[in-house]
Amino acid sequence: MSDDSVKVARRPRADSIRNRERLLEAAAAVFSAGGPEASLEAVAKRAGVGIGTLYRHFPTREALFEAVYRHEVAHLGQLAGQLALEAEPVDALRRWLHANVQLVATKRGMLTALALAAYGSSELWAYSFESLTKAVDRLLQRAISAGEVRADITAEELLRALIALCYMNDRPGWQTTVLHLVDIFVDGLRVR
């Protein structure tokens, strides 16, 4: 076998990794604000790269939407770990739920494309639901163990309640209302 026929998988260059990260962050912001019709050119401009760089990383709009969504879900998993170390149990739970509202705002801007991706495979839905349930369970169990939150709610129930709060509000400025409702909900979970 000659050296030419052996393909060696190379790690991406550092600038390529940085560009991908910037594109994901820019896309989350652009899609959250502009919805599914937000232009890919606006994403590239906000990231400070050319449109060709965007297409090298994400050949289709749907690929970008799915990557942004996965990135946001992974961020929420990391945030749960960070909050578990830094914040009081109930505050950690509240702050994590608030961060989820931003994920929903981003997701709403990508809903059509995500629906297409999800219909192609339920793997995206299963991945996100499992990841988010594990993350909130970590914070919920910590708050229950501390005796600060009632023990008769599961992580899945909590996540479903949050999703319901987010999707029952569809007016401009809906996030402010949902954040207020999340605070009321968390206060209702507290052990008095």
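Reading the values: rules and limits
- Residues numbered from 1 in each chain as written.
- Predicted model: local features only at pLDDT ≥ 70, side-chain atom pairs only at ≥ 80, totals over all residues.
- Heavy atoms only, no water.
- Salt bridge = Lys/Arg side-chain N within 4 Å of Asp/Glu carboxyl O.
- Helix = DSSP H or I, 4+ residues; strand = E, 2+ residues; numbered from the N terminus.
- Buried < 20%, exposed > 50% of the residue type's maximum accessible area, 1.4 Å probe, protein only.
- Phe/Tyr/Trp six-rings, centres within 6.5 Å; stacked < 30°, edge-to-face > 60°.
- Lys NZ or Arg CZ within 6 Å of the ring centre and 35° of its normal.

Details of the pattern of salt bridges
Step number 1: Overall, the coordinates contain nine salt bridges when judged by the stated rule.
Step number 2: We note a salt bridge from Arg 94 to Asp 183, for which the minimum N-O separation is 3.3 Å. Pair noted here: Arg 94 is in helix α5 (residues 89-108) and Asp 183 is in helix α9 (residues 174-189), with a separation of 89 residues, a long-range link.
Step number 3: Asp 183 sits in the partly exposed class, given a relative accessible area of 24%.
Step number 4: Arg 150 is paired through a salt bridge with Asp 152; the nearest N and O atoms lie 2.7 Å apart.
Step number 5: The exposure class assigned to Arg 150 is partly exposed, which follows from its relative accessible area of 39%.

Some words on the packing of aromatic side chains
Step number 1: If you walk through the whole model with that rule in mind, you get zero aromatic pairs.
Step number 2: Its guanidinium or amino end placed over the ring of Tyr 127, Arg 70 lies 4.8 Å from that ring's centre, counting from NZ or CZ.

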